[in-house]
Amino acid sequence: MRVTGTAQREAWLARTAPPVELVRPDLWSVPVPIPDSPLRYTLTYLIAAGSGLVVVDPGWNCEPAWQALAQGLKAAGASPADVTGIVVTHIHPDHHGLSARLREASGAWVAMHPAELSTLSSLRPDDAGTRRADLAWLARCGVPDDVAAGLAVNDFALAAVRAMAMPDVLLDDGDLVPLPGRPVRAVWTPGHTPGHLCLYDEAENLLLTGDHVLPRISPNIGLQSAAAEPPLAAYLRSLELIARYDHAEALPAHEYRFAGLAARVRMLLGHHERRCEEVIAILGRLGPATAWQVTEELTWSRGWPAVVGFMRRAALAEAGAHLRHLADLGQVAVTVAEAGGPDMYALVT
Ligand SMILES: [Zn+2]
């Protein structure tokens with residue numbers, strides 16, 4: 001793996017903001033800050049062709065992010081009003097949060113994969129019902145009631161999700177982004193989310209990888225309470241798929257640009273293999289356990305006590321994804337909960 005975004009990497013190490021960069025003709029990389037996040041910023045991409053200007057992953061919905069996006073557009077000789085299209089790799093708020101405001105300022109269309117629309121549409125109409133269903137799911141994971149009260153979705157989070165833009169355009173695997181004069185193709189890479197997209201710029205041989213593949217960290221692969229395809233199996237398959245783009249430069253949505261996708265994919269596959277081995281060792285030690293008990297025993301890069309707030313939920317979802325994967329492989333048996341009790345996981349001997 002070779003870092004190609006050297007200015008971005010230097011800024012990362014110096015803990016400063018990377019520059020807006022013209023990566024290729026008519027393609028800019030714009031760092032858009034994420035408040036209070038160790039990820040620090042989203043790398044938003046601007047792609048122009050003819051009279052079209054597409055923004056990929058506008059960023060978090062807050063004023064500093066909006067200003068940074070406007071600065072990036074200015075560097076490209078444009079303003080928010082000139083944007084003709086918005087594509088989101090997935091609907092997480094650090095990518096899709098600003099889409100609604102940008103659409104309002106420009107009249108641009110918003111595009112995403114159909115599975116992301118399903119997630120946006122799957123919310124129950126009333127907040128109380130959504131929270132109740134979420135608490136029931138956390139109980140099945142074995143999360144103690146007092147902890148679950150702090151982890152479950154709340155009105156604030158639900159309001160933020162409901163404020164996000166619904167799509168005007170759906171992009172399936174292989175579809176071209178509606179940007180005449182510049183072939184940019186959607187590559188469906190489910191795993192991090194069910195409808196995650198990478199985008200391949202055919203003329204410039206660039207792959208916008210979203211959160212699917214990042215140079216330094218491993219994206220969260222988490223079980224979601226809504227019944228989707230098991231995420232880890234999907235993610236591993238999507239990694240194999242993207243390794244075929246080894247010839248392309250990778251433009252991720254965080255950190256910095258790099259080349260050597262096949263090598264990075266091998267590292268990520270190895271990471272998940274070791275994670276599965278760790279889960280097996282934990283179940284060997286504990287005997288039958290809940291997803292929450294496994295979560296507390298797993299190693300976390302910051303140490304479990306430092307995993308707080310929403311990160312605990314992501315950690316639980318990640319442990320759940322690995323347990324589900326091992327169950328699908330026949331290595332772990334699941335005993336489904338009696339009413340109100342947690343699901344129990346045990347090694348198949
Ligand atoms: Zn992200």
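Above this text sits the structure in question.
Note that residues are indexed from 1 along each chain, following the sequence as it is written. Only residues with pLDDT of at least 70 are given local features in this predicted model, and only at 80 or more are side-chain atom pairs given and counted; all residues enter the totals for whole chains, interfaces and linings. Hydrogen atoms and water are omitted, and side-chain values are computed over all heavy atoms in the structure.

Draft legend 1. Expanded view of the overall build of the protein. For the protein, the helix and strand inventory stands at 12 helices and 15 strands. Whereas a compact globule of 349 residues would reach a radius of gyration of roughly 20 Å, the protein reaches 20 Å, a difference of no more than 12%. Structurally, the protein occupies a C-alpha span of about 60 × 45 × 40 Å along its principal axes. Buried, partly exposed and exposed residues are distinguished by accessible area as a fraction of the type maximum, computed with a 1.4 Å probe on protein chains only: under 20%, between the cut-offs, and over 50%, respectively. A total of 349 residues make up the protein; the buried ones form 50% of that total. Residues are treated as being in contact if the distance between any of their heavy atoms lies within 4.5 Å. Counting contacts in the protein only where the partners sit at least 6 residues apart, residues at least 24 apart contribute 63% of the total. Numbering of helices and strands runs from the N terminus; a helix is a DSSP stretch of H or I covering at least four residues, while a strand is a stretch of E covering at least two. Note that the radius of gyration is over C-alpha atoms, with the globule rule given as 2.2 Å times the number of residues to the power 0.38.

Draft legend 2. The state of the cysteines, seen in detail. Two cysteine sulfurs form a disulfide in these notes if their separation is within 2.5 Å. Counting across every chain of the model gives zero disulfides. Cysteine Cys 141 shares no disulfide, and the gap to the nearest cysteine sulfur, in Cys 276, comes to 17 Å. Classification of Cys 141 by relative accessible area gives buried; the value is 10%.

Draft legend 3. View of the coordination of the zinc ion. The protein atoms that coordinate the zinc ion are Asp 94 (OD), His 95 (NE2), Asp 211 (OD) and His 254 (NE2), at distances spanning 2.1 to 2.3 Å. Each donor residue of the zinc ion lies on the same chain, and together they follow the pattern D-H-x115-D-x42-H. Residue Asp 94 is found in helix α3 (residues 93–96), and its partner His 254 is found in the loop between β12 (249–252) and β13 (258–259); the two are separated by 160 residues along the sequence. Pair check on accessibility: Asp 94 and His 254 agree, each one buried. Excluding water, the donors of a metal are its N, O and S neighbours within 2.8 Å, or within 3.2 Å for Na, K and Ca, and that exclusion means sites may look incomplete.

Draft legend 4. Examining the side chain of Ser 106 more closely. Counting through the fold element by element, Ser 106 comes out in helix α4 (residues 99–106). Assessed through its relative accessible area of 19%, Ser 106 is described here as buried. A distance of 2.6 Å separates the side chain of Ser 106 from the backbone oxygen of Leu 102, its partner in a polar contact. Beyond its immediate chain neighbours, meaning those up to four positions away, Ser 106 contacts Pro 80, Ala 81 and Val 83. For the purposes of these results, a polar contact is taken to be a pair of N or O atoms within 3.5 Å, where, inside protein, one atom must be able to donate a hydrogen and its partner to accept one; residues adjacent in sequence count only when each atom of the pair is a side-chain atom.

Draft legend 5. Examining the sheet that holds strand β9 (residues 184–188) more closely. Strand order in the open sheet made by the six strands is β1-β13-β12-β11-β10-β9, with mixed pairing throughout. At either margin of the open sheet sits one strand with a lone partner, and together these are β1 (2–3) and β9. In this description, strands pair whenever DSSP reports at least two bridges between them. As defined by bridge partners, strand β11 (residues 206–210) adjoins β12 across four bridges and the pair is classed as parallel. Its bridge partner being in β12, Leu 206 is matched across the sheet by Glu 249.

Draft legend 6. Quick look at unusual backbone geometry. Phi angles above zero are rare outside glycine, and Asp 36 is one such case at about 50°. Secondary-structure assignment places Asp 36 in the loop between β3 (27–33) and β4 (41–49). Although it is not a glycine, Asn 205 adopts a positive phi angle of roughly 55°. Asn 205 gets classed as partly exposed once you look at its relative accessible area, which sits at 24%.

Draft legend 7. Representation of the pattern of salt bridges. One side-chain nitrogen of Lys or Arg within 4 Å of one carboxyl oxygen of Asp or Glu is enough to make a salt bridge. Per the counting criterion, the structure on display carries 15 salt bridges. The residue Arg 24 makes a salt bridge to Glu 204 at a minimum N-O spacing of 3.5 Å. One end of the pair, Arg 24, is in strand β2 (residues 21–24); the other, Glu 204, is in the loop between β10 (197–201) and β11, and 180 residues separate them in sequence. Connected through salt bridges with shared partners, the residues Glu 21, Arg 24, Glu 204, Glu 249 and Arg 257 form a single ionic network.

Draft legend 8. Region of the structure containing helix α6 (residues 127–140). Here α6 contains 14 residues, and its C-alpha end-to-end distance of 20 Å stays within 8% of the 20 Å for a straight helix at 1.5 Å per residue. Taken residue by residue, α6 has Gly 129, Thr 130, Asp 134, Trp 137 and Leu 138 as its buried positions. In this structure, the buried side of α6 is in contact with α7 (145–151), α8 (155–162) and α12 (310–328). Positive phi appears at Gly 142, one or two residues downstream of α6, with a value of about 85°. Multiplying 1.5 Å by the helix residue count minus one yields the expected span of that helix.

Draft legend 9. Region of interest: the sheet that holds β3. On the basis of which strands lie adjacent, the open sheet formed by seven strands has the order β2-β3-β4-β5-β6-β7-β8 and mixed pairing. Sheet topology places β2 and β8 (169–170) at the edges, where each strand pairs with a single neighbour. As defined by bridge partners, β4 adjoins strand β5 (residues 52–56) across five bridges and the pair is classed as antiparallel. In the sheet register, Ala 49 faces β5, and the bridge partner there is Gly 52. Only the stretch in contact is used when a helix axis is fitted, and all axes are lines through C-alpha atoms; the angle between N-to-C directions ranges over 0 to 180 degrees. Its contacts with the sheet place helix α2 (residues 63–75) against β3, β4 and β5, and it is angled at close to 160° to β3.

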